[in-house]
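# A look at the structure
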Amino acid sequence: MKFSIPGIYTLAADTPLLLEPHSLIVDHSFPREEANTQVIAARRHDTFWNTGDETLARASLAPNFVDNTLPAGRPQGIAGPLAASRLMRLAIPDLRCEIEQMIVAGDRVVTHLRLCGHFTGRFGQIQGQGQTINFIATDIYRVADGRIAENWHIEDNLTLQQELGLIPK
């Protein structure tokens, strides 16, 4: 059985500064303290995507973090998300992220994210013209010892590439 748990975040001093999921579903058989730990790790990482604050990425990712869906050219480990965030923020300086849904079960946290902003920077050879960016991403995190040890992710790259003007709509 699953249920929503509002307001269970009590373990970390940075918690009030972290993004809140619009919908949180936690497996009720999962111990509350472990669920809190999983949720906080995911919220830290998702807030990193919202702010670009690399301190949050380092706090949320295990030292031996593995990206199981590593795009070509992106470095493995913590360096990968840091590089991806920098690249996105060069193109979309006002990039913002919302956690639409978060699901916690066992050592996994699934987050459904919405990323928005305006393409005013550069992406490769293309200069943005202020066009609106609005796409989704889904991450599956495996959390161990309070940090994300592994990630599987998929982004709506078709929508993103259309909005960036890389491919026609």
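Above this note sits the structure.
The sections below set out a description of the structure shown in this document.

The rules we used
Residues numbered from 1 in each chain as written. Predicted model: local features only at pLDDT ≥ 70, side-chain atom pairs only at ≥ 80, totals over all residues. Heavy atoms only, no water. Helix = DSSP H or I, 4+ residues; strand = E, 2+ residues; numbered from the N terminus. Buried < 20%, exposed > 50% of the residue type's maximum accessible area, 1.4 Å probe, protein only. Lys, Arg positive; Asp, Glu negative; His and termini not counted. Salt bridge = Lys/Arg side-chain N within 4 Å of Asp/Glu carboxyl O. Contact = heavy atoms within 4.5 Å. Core = buried A, V, L, I, M, F, W, Y, C linked by side-chain atoms within 4.5 Å. 1 Å grid on protein atoms, 1.4 Å probe; cavity = no way out; pocket = protein on both sides within 12 Å on 5 of 7 lines; lining within 4 Å. Points joined across faces, edges and corners; volume = space filled by probe spheres on them. Nonpolar A, V, L, I, M, F, W, Y, C, P; charged D, E, K, R; others polar. Arc of directions from axis to C-beta. Pairing = 2+ DSSP bridges.

In this section: the side chain of glutamate 163. Residue placement: glutamate 163 occurs in helix 4 (residues 157-164). Buried within the structure, glutamate 163 lacks any salt-bridge partner; lysine 169 is the closest side chain of opposite charge, at an N-O distance of 5.7 Å. When neighbours within four sequence positions are excluded, glutamate 163 is seen to be in contact with Gln131, Thr132, Ile133, Asn134 and Phe135.

What follows concerns the nonpolar core. If you look at the biggest cluster of nonpolar residues, it comprises 39 residues, and the most contacted ones within it are Met102, Val104, Val109, Leu115, Ile133 and Ile148. Looking at which element gives the most residues to this core, the answer is helix 1 (residues 32-51), with seven residues. Residue contacts for valine 109: discarding those within four places in its chain leaves Gln38, Ala42, Met102, Ile103, Val104, Asp139, Ile140, Tyr141 and Val143.

The space that makes up the largest pocket amounts to roughly 580 Å³. Surrounding the largest pocket, 30 residues form its lining, Trp49, Arg74, Ala84, Met88 and Glu155 being those nearest its centre. Broken down by secondary-structure element, the contributors of at least two residues to the lining of the largest pocket are helix 1, strand 3 (61-67), helix 3 (79-91), strand 5 (108-119), strand 8 (131-144), strand 9 (147-155) and helix 4. In terms of residue count, the dominant contributor to the lining of the largest pocket is helix 3 (six residues). For the lining of the largest pocket, a count of residues per class yields 19 nonpolar, seven polar and four charged.

Our focus in this paragraph is helix 4. Every buried residue of helix 4 is accounted for by Leu160, Glu163 and Leu164. Each buried residue of helix 4 lies within a common arc of 100° when the element is viewed along its axis, so the set occupies one face. Backbone geometry just after helix 4 places glycine 165 at a positive phi near 85°.

Turning next to the pairing of strand 5. With nine bridges connecting them, strand 4 (residues 96-105) and strand 5 associate as antiparallel partners. The partner of glutamate 98 across the bridge, within strand 5, is arginine 114. The antiparallel pairing of strand 4 with strand 5 creates a hairpin that spans two residues between the two strands, and glycine 106 there sits at a positive phi of about 60°. Note: strand 5 against strand 8, 12 bridges, orientation antiparallel. If you follow leucine 113 over to strand 8, its bridge partner there is alanine 137.

The next point concerns unusual backbone geometry. Positive phi, close to 55°, is recorded for aspartate 145, a residue that is not glycine. On the accessibility criterion, aspartate 145 (82% relative accessible area) is exposed.

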